Structure formats: C-alpha cells, structure tokens
Amino acid sequence: MVIQGCFCGSGISFDQCCQPIVEGNHKATTAEALMRSRYVAYVVCNVDYLIATTHSSQRENYSRDEIAYWATSNQWQRLEIISVTQKTVEFKAYYLDTNNQLKVHHEHSRFVFENGEWFYLDGDYFENETI
Ligand SMILES: [Zn+2]
C-alpha cells in the first residue's frame, strides 16, 4: 500500500517518517518526532505504542480501553504543530467526533528524555476550543 505523505502532516512519506517509529524500528529522536508519532499511533490505533511512549510515572493514569476508544471513536483529520521547544510541543489535533462534528484537541505537552528515549509526560489542555 502506498500512502502519500505521513498522517502527521510532515510532507515526508509515511514509511520514511512515523511508520518505522510507531512500528518500533526506530526511536523518535526529538520530542516533536515523538509527538508526531503518537498522533499517528492514534490514527492507526497502536495502543501498545501509546502506552510504551507514556512515561512510566504516568502510565497508571491511562487505560488501554480508554486509549483505544479515544483513538477509534474519532476520525483523525490532521495535526498542526503550533510551537516546539526541546521538551515541549504545543499542537492541535483535528478530528471528527462520533457526531461527525469537527473538533480540535489543543494541548501543550511535556516530554522527558530518559535512558536514551523520549517519553510523553503530561500536558495542559485548552478546553472547549471552537474552530
Ligand atoms: Zn510522520
């Protein structure tokens, strides 16, 4: 299957961008790359990857069922990166909810680098934003 451009919107082909990261063949080398790959993991519903890239101190806050539900009940449209620092990424993820309404998940996420890998730590949400 040929996919034109990665789901994360990088403009790079999927197999050169997030696919090898989400499938475990490459580690994300930056917080932004991890963020992009985690968005893609929601698109393709790779729950294992989402758990594995959540920092160990936070994993108990997430359930596999909730992640899978959030991933599959929404139709992910696109990712917009707003700003990036070494350890933070602000982004907007656009999706159609179960009522086919276009919604945005706007988050300022924090990441940590530990034992040679980036992990998602936590984030601040911008609630109820309109588009
Ligand atoms: Zn990508």
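Preceding this paragraph is the structure being described.
Everything in this summary refers to the structure shown in the same document.

Definitions and limits used
Residues numbered from 1 in each chain as written. Predicted model: local features only at pLDDT ≥ 70, side-chain atom pairs only at ≥ 80, totals over all residues. Heavy atoms only, no water. Donors = N, O, S within 2.8 Å, 3.2 Å for Na, K, Ca; no water. Tetrahedral: all angles 85-135°; square planar, octahedral: opposite > 155°, others 65-115°. Buried < 20%, exposed > 50% of the residue type's maximum accessible area, 1.4 Å probe, protein only. Pairing = 2+ DSSP bridges. Helix = DSSP H or I, 4+ residues; strand = E, 2+ residues; numbered from the N terminus. Axes fitted to C-alpha atoms, helices over the stretch in contact; angles between N-to-C directions. Contact = heavy atoms within 4.5 Å. Phe/Tyr/Trp six-rings, centres within 6.5 Å; stacked < 30°, edge-to-face > 60°. Lys NZ or Arg CZ within 6 Å of the ring centre and 35° of its normal.

Here we take up the coordination of the zinc ion. Summarising the metal site, the zinc ion is bound by the protein donors Cys6 (SG), Cys8 (SG), Cys17 (SG) and Cys18 (SG), whose distances to it range over 2.3 Å. Seen from the zinc ion, its four donor atoms lie at angles of 106 to 113 degrees, and the figure they make is tetrahedral. Cys17 sits in the buried class, given a relative accessible area of 13%. With a relative accessible area of 2%, Cys18 lands in the buried category.

This brings us to the sheet that holds strand β1 (residues 75-84). Strand order in this open sheet of four strands is β1-β2-β3-β4, and the pairing throughout is antiparallel. Looking along the sheet, the strands with just one partner apiece sit at the ends: β1 and β4 (117-126). Taking the axes of each pair of neighbouring strands and ignoring which way they run, one obtains an average angle of 30 degrees across the sheet. Two strands pair when backbone bridges link them, and strand β2 (residues 88-96) and strand β3 (residues 102-114) are joined in this way by nine bridges, in the antiparallel orientation. Note on β3: the bridge partner recorded for Phe91 is Glu107. Along the sheet, helix α2 (residues 31-43) makes contact with β1, β2, β3 and β4, crossing β1 at roughly 170 degrees. In the packing of helix α4 (residues 64-73) onto the sheet, contacts are made with β1, β2 and β3, and the angle to β1 comes to roughly 105 degrees.

This structure, assessed with the given rule, holds eight aromatic pairs. With centroids separated by 5.1 Å and ring planes inclined at 70 degrees, the aromatic side chains of Phe7 and Phe14 adopt a geometry described as edge-to-face. Residue Phe14 is classed as buried on the basis of its relative accessible area, which comes to 10%. Each ring, one from Trp70 and one from Tyr95, has its centre 5.3 Å from the other, and the planes form 70 degrees; the classification is edge-to-face. With Trp70 in helix α4 and Tyr95 in strand β2, the pair connects residues that are 25 residues apart, well separated along the chain. Counting every residue linked through ring pairs, the aromatic cluster contains Tyr39, Tyr42, Trp70, Trp76 and Tyr95. It is Arg78 that lies over the ring of Tyr94; its NZ or CZ is 4.3 Å from the centre.

Once that is clear, we can look at the environment of Arg64. Considering the arrangement of structural elements, one finds Arg64 in helix α4. For Arg64, a relative accessible area of 44% puts it in the partly exposed group. Taking C-alpha positions, Arg64 is 6.5 Å from Val47, a pair spaced 17 residues apart along the chain. With residues up to four places along the chain from it excluded, the contact list for Arg64 reads Val47, Asp48 and Ile51.

This next bit is on α4. Here α4 has its buried residues at Ile67, Ala71 and Ser73. Check the buried side of α4 and you find it contacts α2, α3 (47-52), β1 and β2.

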